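What follows is the residue order along each chain.
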Amino acid sequence: MNDNFDLTPATSATEQTPTTDTPAPATLPKNYLVGGYYATTDKGAKYLRPEFVDEYARNIAASLNEMKPAEFAAMLRDMKRAKKTTLPFEARQTAAAELLPRAIGLVHKKKAPSILTEFIKANLAAIKTDDDWSAFYRHMNAISGFLVLNTADK
């Protein structure tokens, strides 16, 4: 008998590829912003959908876990300056729009994951009114809180 033959089953190329611990890039939650920020009661009253301050905020904060909470809080402070009721909606829109180049810079410097720019872009597209801007601001506040909580858990 010839001992030079290996009788173990052949493996495919994908089975031979070593596994790595590189996580898949984070994405925004499924159905995020589908239907906007608000829901309406049976009587027609509009309210912020709870997932924007709970489930979505938690998931996005978890996706931003490599970002320092202070960097996100600084973005939130910039938004807060535009919250003044004396400013026109366009000023609030501008404050929100300024978040995108800031996010791009943070991602470029490897201070934030790329989902940050995806998050900002999706929300900028959804902000059509003052109410939308306020909803985005409240959503960012919730994310900021969960980012701090996630950092404290580490």
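Here is a short report on the structure shown in this document.

### Some points on unusual backbone geometry
- Even without glycine at this site, L33 takes up a positive phi of about 65°.
- Mapped onto the elements of the fold, L33 is located in the loop between α1 (13-16) and β1 (38-40).
- Despite not being glycine, K110 has its phi angle at roughly 60°, a positive value.
- When you line up the elements, K110 lands in the loop between α5 (99-108) and α6 (115-126).
- The exposed category is assigned to K110, whose relative accessible area is 74%.

### A short note on the pattern of salt bridges
- The final tally for this structure, using the stated rule, is seven salt bridges.
- As a salt-bridge pair, D54 and R58 come within 2.8 Å of each other at their nearest N and O atoms.
- Residue classification places R58 among the partly exposed positions, given a relative accessible area of 43%.
- One salt bridge connects D78 with R102, and the closest N-O pair in it is separated by 2.0 Å. Taken together, the positions of D78 in helix α3 (residues 69-81) and R102 in helix α5 put the pair 24 residues apart, joining distant regions of the chain.
- D78 gets classed as partly exposed once you look at its relative accessible area, which sits at 25%.
- According to the relative accessible area criterion, R102 is partly exposed, its value standing at 30%.
- Taken together, the shared-partner salt bridges connect D78, R81 and R102 into one network.

### Remarks on the side chain of D132
- Along the chain, the position of D132 falls in helix α7 (residues 130-153).
- Buried and unpaired, D132 has K46 as its nearest opposite-charge partner, separated by 5.9 Å.
- Looking at D132, its side chain comes within polar contact range of the main-chain nitrogen of K128, at 2.9 Å.
- Those residues within four positions of D132 in sequence are excluded, and the remaining contacts are Y37, Y38, A126 and I127.

### Comments concerning the packing of aromatic side chains
- In the structure shown here, the tally under the stated rule is seven aromatic pairs.
- With a centroid separation of 5.9 Å and an interplanar angle of 50°, the aromatic rings of Y32 and F52 are classed as tilted. Separated by 20 residues along the polypeptide, Y32 in the loop between α1 and β1 and F52 in the loop between β2 (46-48) and α2 (55-63) bring together distant segments of the chain.
- With relative accessibility at 9%, the residue Y32 sits in the buried group.
- Overall, the relative accessible area of 0% leaves F52 in the buried class.
- Plain terms: the ring middles of Y32 and Y56 are 5.3 Å apart, the flat faces sit at 70° to each other, and that makes the pair edge-to-face.

Cut-offs and rules
- Residues numbered from 1 in each chain as written.
- Predicted model: local features only at pLDDT ≥ 70, side-chain atom pairs only at ≥ 80, totals over all residues.
- Heavy atoms only, no water.
- Helix = DSSP H or I, 4+ residues; strand = E, 2+ residues; numbered from the N terminus.
- Buried < 20%, exposed > 50% of the residue type's maximum accessible area, 1.4 Å probe, protein only.
- Salt bridge = Lys/Arg side-chain N within 4 Å of Asp/Glu carboxyl O.
- Lys, Arg positive; Asp, Glu negative; His and termini not counted.
- Polar contact = N/O pair within 3.5 Å; in protein donor to acceptor, adjacent residues only side chain to side chain.
- Contact = heavy atoms within 4.5 Å.
- Phe/Tyr/Trp six-rings, centres within 6.5 Å; stacked < 30°, edge-to-face > 60°.

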